[in-house]
Amino acid sequence: MNREVTLPLIVDDRGTLQVAAADVSKLLRTVGGRWVHLVENGEEGLDEDTVAALTIELAKLADRIDVACIAHSSGTAP
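Below is a short write-up of the structure.

Calculation notes
- Residues numbered from 1 in each chain as written.
- Predicted model: local features only at pLDDT ≥ 70, side-chain atom pairs only at ≥ 80, totals over all residues.
- Heavy atoms only, no water.
- Helix = DSSP H or I, 4+ residues; strand = E, 2+ residues; numbered from the N terminus.
- Buried < 20%, exposed > 50% of the residue type's maximum accessible area, 1.4 Å probe, protein only.
- Contact = heavy atoms within 4.5 Å.
- Areas by Shrake-Rupley, 256 points an atom, 1.4 Å probe, with all protein chains shown as cover.
- Expected span 1.5 Å × (residues − 1).

### Points about the overall build of the chain
Thinking step 1. Secondary structure assignment for the chain yields 2 helices and 0 strands.
Thinking step 2. A buried classification covers 18% of the 78 residues belonging to the chain.
Thinking step 3. For the chain, long-range pairs separated by at least 24 residues make up 58% of all intrachain contacts whose partners lie at least 6 apart in sequence.
Thinking step 4. When the accessible surface of the chain is summed, it comes to about 6,000 Å², and 57% of that surface belongs to carbon and sulfur atoms.

In structure tokens form, the structure reads like this:
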């Protein structure tokens, strides 16, 4: 299953971002990292392949947020 996610940027009437993208990106990466840590420590009920796949997808989403925000800040389309 490979679905594309659209990332709306929340901006005010002056074009200022209203969500700290760095915080959102960090949160996504932290969640994935925590899952990996749990698997590495033998947490029961977590499938290693599923955790790996989800962690990769969260990192990709975080990357897309970063790219979209960089493009927004530089005045170019992502």
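### A look at the side chain of S25
Thinking step 1. The residue S25 is located in helix 1 (residues 21–40) in this model.
Thinking step 2. Contacts of S25, omitting those with residues within four sequence positions, involve A62, I65 and D66.

### Concerning the environment of L28
Thinking step 1. You can see L28 is positioned in helix 1.
Thinking step 2. Of the residues examined, L28 reaches a relative accessible area of 15% and is grouped as buried.
Thinking step 3. Note: C-alpha distance between L28 and D63 (35 residues apart in sequence) is 9.8 Å.
Thinking step 4. The residues touching L28, leaving out its near neighbours within four places in the chain, are L58, L61, A62 and I65.

### Topic: helix 2 (residues 48–74)
Note: α-helices contain 3.6 residues per turn, so residues at a spacing of three or four share the same orientation.
Thinking step 1. In this model, helix 2 (27 residues) spans 39 Å end to end at C-alpha, consistent with the 39 Å of a helix rising 1.5 Å per residue.
Thinking step 2. The set of residues buried in helix 2 consists of V51, T55, L58, A62, I65, A68, C69 and A71.
Thinking step 3. Where helix 2 is buried, its residues contact helix 1.
Thinking step 4. Remark: G75 follows helix 2 within two positions and exhibits a positive phi of approximately 80°.

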